[in-house]
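Architecture and fold: a report
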Amino acid sequence: MRKSSNADVPNYGPGSSDAIEASIDMESSMSSSKDSTRRRWSKNNADIERIERFVVAYDYSQAKKTLDTSKDEVKAMKSDMEEKEKFAEDKTSEINEFDAAMTALKTRLEGEVGSELSAKKAEEEAAGKDLVKANSALQNADKALLSAEQDVAKAAENVADAEKNVEGKKVAIEADANKSEQIKLDAKETAEKYSALQLKYQNMSAGIASEEDASAGSLPEQISRAHEAAVAADFGKSVSKVQADMKKEEKAAATLNAKKSQCATKVDKLQKQLGSLKFSEQHESELYERKRSLETKHSNLGEKCETLEATLAGRLSFNYSDPSRGFDRSKVKGLVAKLVQVASRKDATALEVVAGGKLYQVIVDEAATGKAILAHGKLKKRVTIIPLDKISSRGVSPQAASLAANMASKMGTTATPAIELVGFDEEVRTAM
């Protein structure tokens, strides 16, 4: 028995007419249902196609509107872009002008700072010179004062010695004078005795005896006494000697008096020199205080200079080992800072600021040399190497230089390309 898929169709037995009719009705019903379904499907397809056309038309109209709007927006955007490009160009020009002005201002300010630094260095040098002069003047004054004091003391000692010698000589001269007077008296008495004895001798030789000589004794006795008297008469010779000694002592006394006068003159001269020195303890204290201040200032400036020199020496050092045996060190030209010579000292600070870290770059003849040094040179710090065969020279355009010069002129100063302020060898020009 076959089951129908339609729930509303009754079940009939096989081979019956009712079943055949039912089958025909079912087929007819199914055919009409299919036609209805087909019509609905066709209508649906037509509706779908019409809706799709409506959607396409709507999309087209919207796209057209969007396109028209986009064209206007594009035009507006192009106009806005052109305005912004023009604005950007104007601002770029202004920025360039401001950069040039800032560079000129920096150069000016750094020039002023460099001038101030130079002034401070000059002041330090002047202070050092003043300190040396003050020390020299103080030492000379101390030496002159000490020498004058020594000369005064020595002169005073000489004067005292001369006075003592003069007093001693006066006493000796007086004693010699008294002695001389006594000797003169003794000599006169001796001469009288000698004359008397000589007369007696003559009388005795002639055999004549006077009354006074009656008790003179025999002739031999008289001769003996005469001999003794003659010996005593030799004492007169010592009188001449004493007189000669007195003359010598008088000369010595005159010499001492002259020396005393010279010492007194020298003492007066030294006293006048001391007076002309205008020495005062207050002035000496001021000199010592100034010396101490100058020494402190000189010490501080010296420490600062040593620190700067040590820092600069460390930054300017470039040590490397030969990358290969027989390496030609002339291929390494050196640091830029050591290869340029600043024409004017006042421009040094400005040039250092403008150049910046490029001052510590190393110039070599070719790239191969730089690679060899970097690979095998045993460098102790990082460096930038400039091979001369791989770079090209660049400079400031005349327009930029002219613009900077005009702006600097308006500011009351000058602007000059940095390369014109330094000197260097032609072989390294491209690196500058």
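As recorded by an unreviewed UniProt entry, the protein chain carries the name SMC hinge domain-containing protein and is attributed to Tetraparma gracilis.

Our focus in this paragraph is helix H7 (residues 367–376). The complete set of buried residues in H7 reads Ala367, Thr369, Gly370 and Ile373. Projected onto a plane normal to the axis of H7, the buried residues spread over an arc of 160° and lie on a single side. Every exposed residue of H7 that faces more than 90 degrees away from the buried side is listed here: Lys371, Ala375 and His376. On its buried face, H7 is in contact with strand E1 (332–335), strand E3 (362–364) and strand E4 (385–387). Lys378, located one to two residues past H7, shows a positive phi value of around 55°.

Moving on, we come to the pattern of salt bridges. Counting across every chain of the model gives six salt bridges. Ionic pairing is found between Arg50 and Asp47, a salt bridge with its closest N-O pair at 2.4 Å. You can see Arg50 and its partner Asp47 sitting in helix H1 (residues 17–206), three residues apart, about one turn around the helix. Classification of Asp47 as partly exposed rests on a relative accessible area of 21%. For Glu426, the salt bridge is made with Arg429, and the minimal N-O distance between the two is 2.9 Å.

On to the sheet that holds E1, then. With respect to topology, three strands assemble into an open sheet ordered E1-E3-E4, the strand pairing being mixed. In the strand order of this sheet, the two ends are held by E1 and E4, each with one partner. Averaged over all neighbouring strand pairs, the angle between strand axes comes to 20°, with direction disregarded. Across three bridges, E1 lies against E3 in antiparallel orientation. Its bridge partner lying in E3, Gly334 is registered against Ile363. Where H7 meets the sheet, its contacts fall on E1, E3 and E4, and the angle it forms with E4 comes to roughly 155°.

Attention now goes to the UniProt feature "coiled-coil region" (unreviewed entry) in the protein chain. In the numbering used here, UniProt assigns the feature "coiled-coil region" (unreviewed entry) to residues 60–91, 131–165 and 239–311. Across residues 60–91, helical content stands at 100% and strand content at 0%; the span's end C-alpha atoms are separated by 44 Å. A distance of 49 Å separates the end C-alpha atoms of residues 131–165, which is 100% helix and 0% strand.

Right, let's talk about the packing of aromatic side chains for a bit. In the structure shown here, the tally under the stated rule is two aromatic pairs. Consider the rings of Phe318 and Tyr320, whose centres lie 5.3 Å apart with planes at 35°: the pair is tilted. For the pair Phe318 and Tyr320, one class covers both residues: buried. Look at Tyr320 and Phe327: their rings are 6.4 Å apart centre to centre, the planes differ by 90°, and that puts the pair in the edge-to-face class. In this structure, Tyr320 and Phe327 share a single accessibility class: buried. In this structure an aromatic cluster arises from ring pairing among Phe318, Tyr320 and Phe327.

Rules used throughout
- Residues numbered from 1 in each chain as written.
- Predicted model: local features only at pLDDT ≥ 70, side-chain atom pairs only at ≥ 80, totals over all residues.
- Heavy atoms only, no water.
- Buried < 20%, exposed > 50% of the residue type's maximum accessible area, 1.4 Å probe, protein only.
- Helix = DSSP H or I, 4+ residues; strand = E, 2+ residues; numbered from the N terminus.
- Arc of directions from axis to C-beta.
- Contact = heavy atoms within 4.5 Å.
- Salt bridge = Lys/Arg side-chain N within 4 Å of Asp/Glu carboxyl O.
- Pairing = 2+ DSSP bridges.
- Axes fitted to C-alpha atoms, helices over the stretch in contact; angles between N-to-C directions.
- UniProt positions renumbered as here; feature names shortened; annotations may be inferred.
- Phe/Tyr/Trp six-rings, centres within 6.5 Å; stacked < 30°, edge-to-face > 60°.

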